[in-house]
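# Residue-level structure breakdown
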Amino acid sequence: MATGDFIQVAITGASGLLGRAVRREFEKHTKFSVIPLGHSRDIQGGLKIDLRDGNAIRDFYEKFRPDVIIHCAAERRPDVVQSDPDAAARLNVDSASALAALKPRVFIHISTDYVFNGKNAPYAEDAPTDPLNAYGIQKAAGEEAVMEVNPSSFILRVPVLYGEGQTDESAVNVLAGIVKSDENVVMDDYQLRFPTFVGDVSRVLHEITEKSLAKAIDSGIYHFSAKEQFTKYKICEIFAKILNRSMLHIKALSGPDSMSLTNRPYNTALRTLKLEKADVDITHVNFENWWNAYLKSR
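Structure report, in brief. (Residues numbered from 1 in each chain as written. Predicted model: local features only at pLDDT ≥ 70, side-chain atom pairs only at ≥ 80, totals over all residues. Heavy atoms only, no water.)

## Points about the overall build of the chain
- Counting its regular elements, the chain contains ten helices and eleven strands.
- A globule of 298 residues ought to have a C-alpha radius of gyration of about 19 Å, and the chain, at 19 Å, matches this closely.
- Projected onto its principal axes, the C-alpha positions of the chain cover 60 × 40 × 35 Å.
- Within the chain, the fraction of its 298 residues that count as buried is 53%.
- Considering only contacts within the chain whose residues lie at least 6 apart along the sequence, 79% involve residues at least 24 apart.
- Counting 36 positive and 39 negative side-chain charges, the chain places the centres of these two groups 2 Å from one another. (Helix = DSSP H or I, 4+ residues; strand = E, 2+ residues; numbered from the N terminus. Rg over C-alpha atoms; globule rule 2.2 N^0.38 Å. Buried < 20%, exposed > 50% of the residue type's maximum accessible area, 1.4 Å probe, protein only. Contact = heavy atoms within 4.5 Å. Lys, Arg positive; Asp, Glu negative; His and termini not counted. Charge placed at Lys NZ, Arg CZ, Asp CG, Glu CD.)

Rendered as structure tokens:
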């Protein structure tokens with residue numbers, strides 16, 4: 001609950017790529033008191049909690065009673081979900097439902113463009129879901145569970161994310177490491193991606209929160225995405241240009257990857273009409289410009 005003049009905001013997955021950015025965004029605004037929650041990594045000034053443990057969730061809520069919960073934590077790696085779906089579901093579905101059921105003043109659940117099959121892009125917020133892999137299935141199930149226990153929730157679907165962090169924290173960041181290496185790899189040049197900066201997502205989450213507290217936005221499903229379109233191979237070309245590296249060790253794969261363990265959708269471009277109608281800022285940074293500044297600063 002609000003303490004004094006502060007509104008308490010709990011952020012799950014606050015040690016991860018998106019969660020760290022969301023924490024930074026809310027800590028810029030003095031009206032908010034942030035409670036960062038993490039589990040797999042150490043989190044400075046935050047709390048460790050296993051979100052797969054329903055009792056731990058209830059104990060946390062009884063102690064802190066946050067006004068806002070932003071649920072960023074997830075098992076986001078499709079191949080990991082595919083290999084151990086039961087373990088992943090405890091985080092991707094069960095924890096989402098348990099957190100939403102607490103019914104804080106504002107509950108926002110982060111979901112994914114992978115709830116769609118990639119055959120009918122661009123997707124509106126009310127488009128029917130039809131996921132192709134276990135990750136998408138679990139995230140779609142998480143959405144349903146959230147809205148069932150708390151119809152006043154917000155769900156924000158986003159595509160693949162990038163930002164300041166370790167190379168293994170993002171399917172985009174990892175490509176910079178591949179370009180720097182000399183290992184021969186085959187890289188997808190078929191499936192379309194819309195990489196989106198975590199700082200932009202964080203700004204949108206802050207705006208949704210502010211508008212919800214002011215009762216100036218309806219709950220429900222929203223989409224946010226950058227509009228620039230790439231394949232993974234095209235992203236590698238950008239990184240090679242910035243880093244002045246050769247691409248000779250990277251071979252383009254111009255069709256579906258028949259060797260992949262996980263089916264991935266071809267094009268899951270998201271329409272952002274609901275955010276636009278709610279007067280939420282949907283601008284985004286330029287992909288190449290951001291990476292040029294970031295990589296050259298390291």
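## Section: the nonpolar core
- Judged by nonpolar contacts, the single largest core of 56 residues is most densely connected at Ile70, Leu156, Phe239, Phe287 and Trp291.
- Among the elements that make up this core, the one with the highest residue count is helix H8 (residues 232-243) (seven residues).
- Those residues in contact with Phe239 that lie beyond four places of it in its chain are Val172, Leu175, Ala176, Val179, Phe287, Trp291 and Leu295. (Core = buried A, V, L, I, M, F, W, Y, C linked by side-chain atoms within 4.5 Å.)

## Thoughts on the sheet that holds strand S2 (residues 32-38)
- Strand order in the open sheet formed by seven strands is S3-S2-S1-S4-S5-S6-S10, and the pairing between neighbours is parallel. Unpaired on one side and paired on the other, strand S3 (47-48) and strand S10 (220-223) mark the two borders of the sheet.
- Of the strands in this sheet, strand S1 (7-12), S2 and S3 touch helix H2 (residues 54-64), which is tilted by about 160° from S2.
- Lying on the sheet, helix H5 (residues 134-149) is in contact with strand S5 (106-112), strand S6 (154-158) and S10; it crosses S5 at an angle near 160°. (Pairing = 2+ DSSP bridges. Axes fitted to C-alpha atoms, helices over the stretch in contact; angles between N-to-C directions.)

## Concerning the side chain of Ser202
- With respect to the secondary-structure elements, Ser202 resides in helix H7 (residues 198-213).
- Discounting chain neighbours no more than four positions away, the residues touching Ser202 are Leu18, Ala21, Val22 and Glu25.

## Some remarks on the layout of surface pockets
- Roughly 170 Å³ of volume is contained in the second largest pocket.
- In terms of lining residues, the second largest pocket is bounded by 14 residues, among which Pro104, Arg105, Asn150, Ser152 and Ser153 are the most central.
- Considered class by class, the residues forming the lining of the second largest pocket number six nonpolar, five polar and three charged. (1 Å grid on protein atoms, 1.4 Å probe; cavity = no way out; pocket = protein on both sides within 12 Å on 5 of 7 lines; lining within 4 Å. Points joined across faces, edges and corners; volume = space filled by probe spheres on them. Nonpolar A, V, L, I, M, F, W, Y, C, P; charged D, E, K, R; others polar.)

## A closer look at helix H10 (residues 287-296)
- Taken together, the buried positions of H10 are Phe287, Trp290, Trp291, Tyr294 and Leu295. For H10, the arc enclosing every buried residue in end-on projection is 115°, short of the 170-degree limit, so these residues lie on one face. Pointing more than 90 degrees away from the buried face of H10 are the exposed residues Asn289 and Lys296.
- Residues of H10 that are buried in the fold lie against strand S7 (161-162), helix H6 (173-180), strand S9 (196-197) and H8.
- If you check the start of H10, you find a side-chain oxygen 3.2 Å away from the backbone N of Glu288, and it comes from Asn286. (Arc of directions from axis to C-beta. Polar contact = N/O pair within 3.5 Å; in protein donor to acceptor, adjacent residues only side chain to side chain.)

## Digging into the side chain of Glu125
- Considering the arrangement of structural elements, one finds Glu125 in the loop between S5 and H5.
- Buried and unpaired, Glu125 has Lys274 as its nearest opposite-charge partner, separated by 6.3 Å.
- A distance of 3.3 Å separates a polar atom in the side chain of Glu125 from the backbone nitrogen of Leu273.
- A polar contact of 3.1 Å, which involves the side chain of Glu125, links it to the backbone nitrogen of Lys274.
- Discounting chain neighbours no more than four positions away, the residues touching Glu125 are Arg157, Ile221, Tyr222, His223, Arg271, Thr272, Leu273 and Lys274. (Salt bridge = Lys/Arg side-chain N within 4 Å of Asp/Glu carboxyl O.)

## Describing the packing of aromatic side chains
- Summed over the entire model, instances satisfying the criterion amount to 18 aromatic pairs.
- Judged by centre distance (5.8 Å) and plane angle (35°), the rings of Tyr162 and Phe197 are tilted. Note that Tyr162 is positioned in strand S7 and Phe197 in strand S9, a separation of 35 residues in sequence.
- Residue Tyr162 is classed as buried on the basis of its relative accessible area of 1%.
- Note on Tyr190 and Tyr266: the rings are 4.9 Å apart at their centroids and 40° apart in plane angle, and the pair reads as tilted. In this pair, Tyr190 is assigned in the loop between strand S8 (185-188) and S9 and Tyr266 in the loop between strand S11 (250-253) and helix H9 (273-277), connecting sequence segments 76 residues apart. (Phe/Tyr/Trp six-rings, centres within 6.5 Å; stacked < 30°, edge-to-face > 60°.)

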